[in-house]
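Residue-level structural notes
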Amino acid sequence: MYRVFLRLVLAAGLGALFIGLTAPTGAARPGPAPDPDDDRSGVSRYFTGPEGFAAIPTAPCDPAGPSAADATLADQLNPQLGAKMAGHLDAYRMSCARMVTQAVKDRGLTPRAAAIAVATIIVESSMNNYAQAVDHTSIGLFQQQDWWGSREQRLDPVYATNAFLDAMERLYPGGSWNDVPIGEVCWRVQQPREDLRHLYGVEAGDATLIANALWSGTSAGPTHPYHSGRVVSGRSADGRLEAFAAGADGVYHAWQTAVNGAWSPWRSVGGPRDAQLAVASNADGRLELFALSDTTFDHMWQTGPSAGWSAWEDFGTGGSRVAAGNNADGRIEVFASNADGVFHRWQTAPSGGWSAWEGTHGGPADARLAMETAPDGRLEVFALSDATFGHLYQTGVNGGWSAWEDFGTGGHAVTAGHNQDGRLEVFASNADGIFHRWQTSPTTWSAWTGTGGLPDAELASSRTADGRVEVFAINSTAASHSWQTGPNAAFSPWQTFGGGGTAIGTGTNADGRIEVFGTSHAGVHHRWQTGFATWSEWAWLNDSGPAVP
């Protein structure tokens, strides 16, 4: 692409650039090296207007073409954009951003990595998959020259995105790209002239908005459930976290006032008292909250993506615990337990109406519930009572459910997460500490393994920006955490994370940083990653919020 980039490639070894975690379509092979005296710097494409080059043909990004959802989302986002693409998104460009975002998600990275990639294609090609060279040999969304791969590879958004991410992870090893401004990461990978360096940063805000909307609202592929419990958090379509905590007088709500930013004061929104909570995203990007007490089951939802909330609406009778997740087609599925076992209810269409409640042919009574998404998009449910541990899974994507399988003995709490390669990880606590079981393949499981840890702890889990699972535990005397030492790898020893409390929950900021919420009889605290692997101190979440017994 440019002389500076050529020097980086030659120094690192050209062939190594194309080795990544996700195998693109076919093996990459570098083309001939460019002439080091060639002074063409790509100026024309950087300064072209947002409409792009009308005379240069484009290749489809999605082989099936743009979807109706692509057109709808483009219309929704255009008024919110403030830089080059404001008013110029259309279904085709949105389909290109969707394919790029999905490639990032399939690789196991975060929405921030997707924003980095989207900012790059905005600057490089105005989100057009150019099928003929614009500058020298540059083609495709990323305007990759011939040493990035064959013509067919560079026109394949999945390959091109992974080639870009390979270079990003080589330049910023160990997830360190998470601590660098988006524009700087884009510039360092692409390496245009120095006077063009600032252009990527100009597009960072719009790219984050586009990537977040695709990530949480319309992109295909597995959507992993949010943690459920007495304190929960989900991310709005615009990237802001929204948090809910269950108080003795109803549900309380707080939200980030800016993406990755500060928090609003807590406000009471009514609803069931002393509830168990779950939150899920509708296919159109609207969050939906479910609140279950021993006598009442209600839900409320955002009236539009990133918008305000509806009034509460009846959702069923009382019970013990609740969990919610998404089918591969975007429909929300809700599970709840009571003294008779485990029941479920599901949307009959994405963002649509609901089925009646249906039993699951048993399941542990009054079970604590956790849900996760298998690599192929099937939902799996883990139900833990004092005496029994059951496991339930969809027999096909968007399909019916298996019979309950024995998964272990009883315990206190359960949480489920997923490795970078998609394999599920389950942690459970009892009076002896915290135990761990994981998939050894998509259909087989390890034995239970003790990890030490706190006895009878409440549990939550999340993933770091580089795809490592991190587990958080709290009981009345202490909080602790343990993390994978590398993607898909073993876990660290437990480390003290704070004092005791009553419940723990997690959220993930739009930039990939984990945010942890801890409750007590005094209110709600939070602690957040200040960098790739460093943490703030505990602080009130703006104000103390509700006491959570």
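Rules behind the numbers
Residues numbered from 1 in each chain as written. Predicted model: local features only at pLDDT ≥ 70, side-chain atom pairs only at ≥ 80, totals over all residues. Heavy atoms only, no water. Helix = DSSP H or I, 4+ residues; strand = E, 2+ residues; numbered from the N terminus. Expected span 1.5 Å × (residues − 1). Buried < 20%, exposed > 50% of the residue type's maximum accessible area, 1.4 Å probe, protein only. Pairing = 2+ DSSP bridges. Axes fitted to C-alpha atoms, helices over the stretch in contact; angles between N-to-C directions. Disulfide = S-S within 2.5 Å. Parallel < 35°, antiparallel > 145°, perpendicular 65-115°, else oblique. Left-handed = near helix turned anticlockwise from the far one by under 90°. Contact = heavy atoms within 4.5 Å. Phe/Tyr/Trp six-rings, centres within 6.5 Å; stacked < 30°, edge-to-face > 60°.

- Under the annotation held in an unreviewed UniProt entry, the protein carries the name PLL-like beta propeller domain-containing protein and is attributed to Streptomyces griseoviridis.

**Observations regarding helix α5 (residues 111-125)**
- Here α5 spans 21 Å end to end across 15 residues, near enough to the 21 Å set by a 1.5 Å rise per residue.
- Taking burial as the measure, the 15 residues of α5 include 15 buried ones, the bulk of the element.
- Remark: Ser126 follows α5 within two positions and exhibits a positive phi of approximately 50°.

**Observations regarding the sheet that holds strand β22 (residues 458-463)**
- In spatial order, the strands read β22-β23-β24-β25; together these 4 strands make up an open sheet with antiparallel pairing. Whereas interior strands pair on both sides, the edge strands pair on one side only; in this sheet they are β22 and β25 (495-499). Geometrically, the sheet is characterised by an average inter-axis angle of 25° between neighbouring strands, direction not taken into account.
- With 5 bridges connecting them, strand β23 (residues 469-474) and strand β24 (residues 478-483) associate as antiparallel partners. Residue pairing for β24: Val471 is matched across the bridge by Ser482.

**Here we look at unusual backbone geometry**
- In this structure, Ser306 takes a positive phi of about 65° despite not being glycine.
- Here Ser306 shows up in the loop between β7 (296-301) and β8 (313-317).
- In this structure Ser306 comes out as partly exposed when scored by relative accessible area, which is 21%.
- For Asn488, which is not glycine, the phi dihedral falls at a positive 65°.
- As for its position among the elements, Asn488 is in the loop between β24 and β25.

**Considering the state of the cysteines**
- Using the criterion set out here, one finds 1 disulfide in the structure.
- Each sulfur of the disulfide joining Cys61 and Cys96 lies 2.1 Å from the other. With the S-S dihedral at roughly 85°, the linkage between Cys61 and Cys96 falls on the right-handed side. On the criterion of sequence distance, the pair formed by Cys61 in the loop between α2 (43-47) and α3 (68-77) and Cys96 in helix α4 (residues 91-107) is long-range, its members being 35 residues apart. This pair shows no difference in class: Cys61 is buried, exactly as Cys96 is.

**Some words on the packing of α5 against helix α8 (residues 182-190)**
- Relative orientation of the contacting elements α5 and α8 amounts to 60°, with a least axis distance of 9 Å. If you check the angle between α5 and α8, you find them oblique. Considering only the axes of α5 and α8, their crossing is right-handed. In this structure, α5 contributes Arg112, Ala115, Ile116, Ala119, Thr120 and Glu124 to the contact, and α8 contributes Ile182, Val185, Cys186 and Gln190.

**Structural notes on the packing of aromatic side chains**
- Inspection of every chain in the model, using the stated rule, returns 21 aromatic pairs.
- With a centroid separation of 5.7 Å and 85° between ring planes, the pair formed by Trp263 and Phe517 is classed as edge-to-face. A residue pair is termed long-range when its members are at least 10 positions apart, and Trp263 in the loop between β3 (250-255) and β4 (267-270) and Phe517 in strand β27 (residues 514-520) qualify at 254 residues. Phe517 matches Trp263 in its accessibility class, with the two residues each being buried.
- Ring geometry for Phe497 and Trp538: centres 5.6 Å apart, planes at 80°, overall edge-to-face. With a gap of 41 residues between them, Phe497 in strand β25 and Trp538 in the loop between β28 (523-528) and β29 (539-540) connect regions that are remote in the sequence.

**Considerations on the sheet that holds β8**
- Read across the sheet, 4 strands follow the order β5-β6-β7-β8 without closing on themselves; strand pairing throughout is antiparallel. In the strand order of this sheet, the two ends are held by β5 (276-281) and β8, each with one partner. Here the average twist between neighbouring strands, direction ignored, is 20°.
- The pairing of strand β6 (residues 287-292) with β7 spans 5 bridges and is classified as antiparallel. Note on β7: the bridge partner recorded for Glu288 is Trp301.

**So, the side chain of Glu124**
- The residue Glu124 is located in helix α5 in this model.
- The class of Glu124 is buried, set by a relative accessible area of 1%.

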